[in-house]
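Letter by letter, the chains look like this.
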Amino acid sequence: MDKDKIWQSVLAQVQLTLSRAIFSIWFSKTVIKSIKASGNKQIVEIGAQNSFIREKLEKKYGDQLKELFDSLTEKENELRFVVWQEIKEEKPEAKGPLFSFDPQKQHQSFFFKALTKARINQDYTFQNFAVASTNEMAFAAVSAVSKKPGENYNPLFIYGGVGVGKTHLMQAVGVEMLKKNPQAAILYCTGEDFTNEIIEAIRARNTSFFKKKYRYVKLLMIDDIQFIAGKEAVQKEFFHTFNTLKQFGGQIILTSDKMPEEIDGLENRLRSRFEGGLTIDIQEPNFELRSAILLIKAKQMGENLPIEAAKLIAQRVKSTRKLEGILTRIISEKMLRKKEINIEMVNSIIPEFSSSENSFSKRTLRPDKIIKFVADFYGIKHAEIKGKRRLKQIVFPRQIAIYLLRNEVNLAYQEIGRIFGGKDHTTIMHSEKKIIKLIEESDQVRGEIENIKRGLI
Ligand code: ADP
Ligand code: MG
C-alpha cells in the first residue's frame, strides 16, 4: 500500500470516533510526508499545518494514530509529528527493547480499536459532560447504568429535543464500559441504521447474521429509536432483539425525540416494554449550561476560552449543535491571525452561526420598528431614545435597543452607531456588553427583554 492510501484508511478510521468539526480542525490539512523502513520498524512522518496542531496531534491523537498504523501495516510504527515546512533532523533511535510488553499500552490499543468498531465518539465522555438541572436526572441514570449494566434501569429511555445531549450521554456509557473492558460487546447504532440493516438482511434472506450481531451484546444503544415507528417488520425484529438481549442480561439504552406514549406508529407491545424501564427527559440547555459546554469543548480542543467570550456566545447562540462549529471557527481565526481569542474576534464570528435561529425573523423586522417599540415600552420619546441625552431613564432603553439591533437584526456596530446619531462603534459595543451583563444578573431585565421580543413578533 502506498503512503497516501494508508493515510486515507487511517483517517477514515479516526473519523469514526470524532465529530465532524473536531476532525476537520485537526486532520483536514494534515498530511503524511513519508514512511521509511528502519530496522524492524517504520518511521512515519506526519505533517501538520502549524505547531499548534502538531502538538495537539501528538499529545491527544498520537496513541490512537500509532495503533491504527500498526494494525493496518501489521508492523511496528514510530510516528513523528512535524510542521509541513519544518526541516526534519533525524531523531536518535528510540531506546529500549522493541517488543517489550506494556499492559497499559495494550489496554489503550484495545480501547481505541473497540471505540472505532463501536463507532463511538471518543469525546463523548462523562468527564466532558456538564451537568445542570436540565439533565441531572438523566446523568444520574446513565451513571448508574454504566456501573451495573443490565441490572437496574432496563431499558433506559432518554428523550428530549435536538442537541440536548442524548447521544453524548448514551455514548458515554459505552466509553465507560470499554474503558473498563475494551473487549466488552457493545453496539451503538441509530434507529435508521438498524432499520436499513434489517431491511437488507431480509432482502438478502440472511437474518441470522443480524440476529447474532444484535442479540448477544452487553450493551445495545439505539439512538433516535422513533425512526422504527410505523415499520412493521423492523419493529417485530426489534421486539425479539429486545427480549433476547434482556433475557441474557444485556443492557439497552434508547433515545428518542419524544416520550414512548407520544411516538406515533409505535407498536403497543414495544411501548409497554419501553415504559417498563426508566424513562427520563432532558430539557433544553439554559444559558449557564451552554456557557459550561463551551468551556468544556474549548478545553477539549486545547484552548482556553475566556469566560466573557463563552458567555457572549452562549447568549447569542441557542443551539448546542452549533457550539462546536463556532469554536473551530474561532480557533482557525486565531491560528490565521496569530492573535489570542478576544471578544471582538468572537463578535465578528457569531453572526455566521446565529443568523438562522433567533426568535423572530430578521428580514421583516426593521431597526426603526425595534427602536420605536423599545421607546414606547419604556415610555420615552422616539427622538429621545435616538438622541444624545445621558439621563439614566433614557440611556437604559437606548442600550436595550442597541442590544436588540445587534442580537436580533445582526446589524454591524458601525451601522448601529450611525442610527444613533453617529456614535462611535466602541460606545455601541460597550452598550451591548452592559446589557448582556444585566441579562445575566437581573431577572427583571431578562423579563423585560423577553416581553419586548414577544411584542415585536
Ligand atoms: P442530541 O443527541 O440530544 O441531539 P447531542 O448529544 O448530539 O444531542 O449533543 C449535541 C452537542 O452538544 C454535542 O457536541 C454534545 O457533546 C454537546 N452537548 C450537549 N449537552 C452537553 C453537556 N451537558 N455537556 C457537554 N456537551 C454537551
Ligand atoms: Mg442525537
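Keep in mind the model is a prediction, meaning the values are calculated, not measured.

(A) Local environment of the sheet that holds strand 5 (residues 186–190). Within the open sheet, the five strands sit side by side as 5-6-7-4-8. Their pairing is parallel. A strand with exactly one partner marks an edge of an open sheet, and here the two such strands are strand 5 and strand 8 (278–282). For this sheet the average axis-to-axis angle between neighbouring strands, irrespective of direction, equals 15°. With four bridges connecting them, strand 4 (residues 156–160) and strand 7 (residues 251–256) associate as parallel partners. Bridge assignment links phenylalanine 157 to a residue of strand 7, and that residue is leucine 254. Across the sheet, helix 9 (residues 232–247) is in contact with strand 6 (219–223) and strand 7; its angle to strand 7 comes to roughly 140°.

(B) Region of interest: the environment of tyrosine 188. Counting through the fold element by element, tyrosine 188 comes out in strand 5. Once the C-alpha coordinates of tyrosine 188 and threonine 167 are considered, the two residues, 21 residues apart in sequence, prove to be 10.0 Å apart. Setting aside residues up to four positions removed in sequence, tyrosine 188 forms contacts with Ala118, Arg119, Ile120, Thr167, Met170, Gln171, Met221 and Asp223. Side-chain polar atoms of tyrosine 188 contact the side chain of aspartate 223, separated by 2.6 Å.

(C) Looking closely at the confidence of the model for the protein chain. The predicted model of the protein chain averages 88 in pLDDT, with 93% of residues at 70 or higher. The least confident element of the protein chain, judged by mean pLDDT, is helix 4 (residues 103–118) at 80; the most confident is strand 7 at 98. Here residues 86–99 scores under 50 on pLDDT; set against residues more than four positions off or in separate chains, the count is 17 contacts. Predicted confidence for residues 358–363 stays below pLDDT 50, and this span has 15 contacts to residues more than four positions away or in other chains.

(D) Region of the structure containing unusual backbone geometry. Going from asparagine 154 to proline 155, the amide bond is cis rather than trans, its omega being 5°. Although it is not a glycine, arginine 119 adopts a positive phi angle of roughly 55°. Within the secondary structure, arginine 119 sits in the loop between helix 4 and helix 5 (136–147). One non-glycine residue, aspartate 224, adopts positive backbone phi at about 55°. Mapped onto the elements of the fold, aspartate 224 is located in the loop between strand 6 and helix 9.

(E) Region of interest: the layout of surface pockets. Reported here for the largest pocket is a volume of approximately 1200 Å³. Lining the largest pocket are 37 residues, and of these Asn121, Tyr124, Thr167, His168 and Arg321 lie nearest its centre. Looking at the lining of the largest pocket, the elements with two or more residues in it are helix 2 (20–27), helix 6 (166–180), strand 5, helix 7 (191–203), helix 11 (287–300) and helix 13 (320–337). Residues belonging to the lining of the largest pocket are distributed by class as follows: 13 nonpolar, 13 polar and 11 charged.

(F) Summary view of the pattern of salt bridges. Per the stated rule, a full pass over the model turns up 28 salt bridges. One salt bridge in this structure joins glutamate 176 and lysine 179, with 3.9 Å as the shortest N-O distance. Of this pair, glutamate 176 and lysine 179 both sit in helix 6, three residues apart, which is roughly one turn of that helix. Among the charged side chains, a salt-bridge network with shared partners connects Lys41, Glu78 and Arg80.

(G) Highlighting the site of ligand 1. What surrounds ligand 1 is a group of 18 residues, the closest being Gly163, Thr167, His168, Lys297 and Arg321. Separating an oxygen atom of ligand 1 from a backbone N or O atom of glycine 163 is a distance of 2.7 Å. At 2.4 Å, a side-chain N or O of arginine 321 approaches an oxygen atom of ligand 1. Using a 2 Å cut-off from the grid points, one finds that ligand 1 occupies the largest pocket.

(H) Spatial organisation of the nonpolar core. Core analysis: the largest hydrophobic core is formed by 79 residues, its most contacted members being Trp26, Phe27, Leu65, Phe69, Ile313 and Leu405. A total of seven residues in this core trace back to one element, the largest contributor, which is helix 17 (residues 392–408). Apart from the residues lying within four places of it in its own chain, the contact partners of tryptophan 26 are Phe52, Ile53, Lys56, Leu57, Tyr61 and Met301. Membership of the second largest hydrophobic core comes to 30 residues, among which are Ile120, Val164, Leu178 and Ile186.

(I) Broad picture of helix 19 (residues 425–441). Look at helix 19: 25 Å from first C-alpha to last across 17 residues, which is about the 24 Å you get at 1.5 Å a residue. Residues of helix 19 that are buried: Ile428, Met429, Ser431, Glu432, Ile435, Ile436 and Ile439. Projected down its long axis, helix 19 shows its buried positions confined to an angular sector of 160°, all on one face. The exposed set on the far side of helix 19, more than 90 degrees from its buried face, consists of Lys437 and Glu441.

(J) Geometry of the environment of glutamine 300. Residue position: glutamine 300 is located in helix 11. By relative accessible area, glutamine 300 is classed as buried at 9%. Spatially, the C-alpha atoms of glutamine 300 and isoleucine 22 are 9.5 Å apart, while their sequence positions differ by 278 residues. For glutamine 300, the contacting residues outside a window of four places in its chain are Ile22, Lys56, Lys60, Asp123 and Asn128.

Calculation rules
- Residues numbered from 1 in each chain as written.
- Chains lettered and ligands numbered in written order.
- Predicted model: local features only at pLDDT ≥ 70, side-chain atom pairs only at ≥ 80, totals over all residues.
- Heavy atoms only, no water.
- Pairing = 2+ DSSP bridges.
- Helix = DSSP H or I, 4+ residues; strand = E, 2+ residues; numbered from the N terminus.
- Axes fitted to C-alpha atoms, helices over the stretch in contact; angles between N-to-C directions.
- Contact = heavy atoms within 4.5 Å.
- Polar contact = N/O pair within 3.5 Å; in protein donor to acceptor, adjacent residues only side chain to side chain.
- pLDDT = per-residue confidence, 0-100.
- 1 Å grid on protein atoms, 1.4 Å probe; cavity = no way out; pocket = protein on both sides within 12 Å on 5 of 7 lines; lining within 4 Å.
- Points joined across faces, edges and corners; volume = space filled by probe spheres on them.
- Nonpolar A, V, L, I, M, F, W, Y, C, P; charged D, E, K, R; others polar.
- Salt bridge = Lys/Arg side-chain N within 4 Å of Asp/Glu carboxyl O.
- Near = heavy atom within 4 Å.
- Sits in = over half its atoms within 2 Å of the grid points.
- Core = buried A, V, L, I, M, F, W, Y, C linked by side-chain atoms within 4.5 Å.
- Buried < 20%, exposed > 50% of the residue type's maximum accessible area, 1.4 Å probe, protein only.
- Expected span 1.5 Å × (residues − 1).
- Arc of directions from axis to C-beta.

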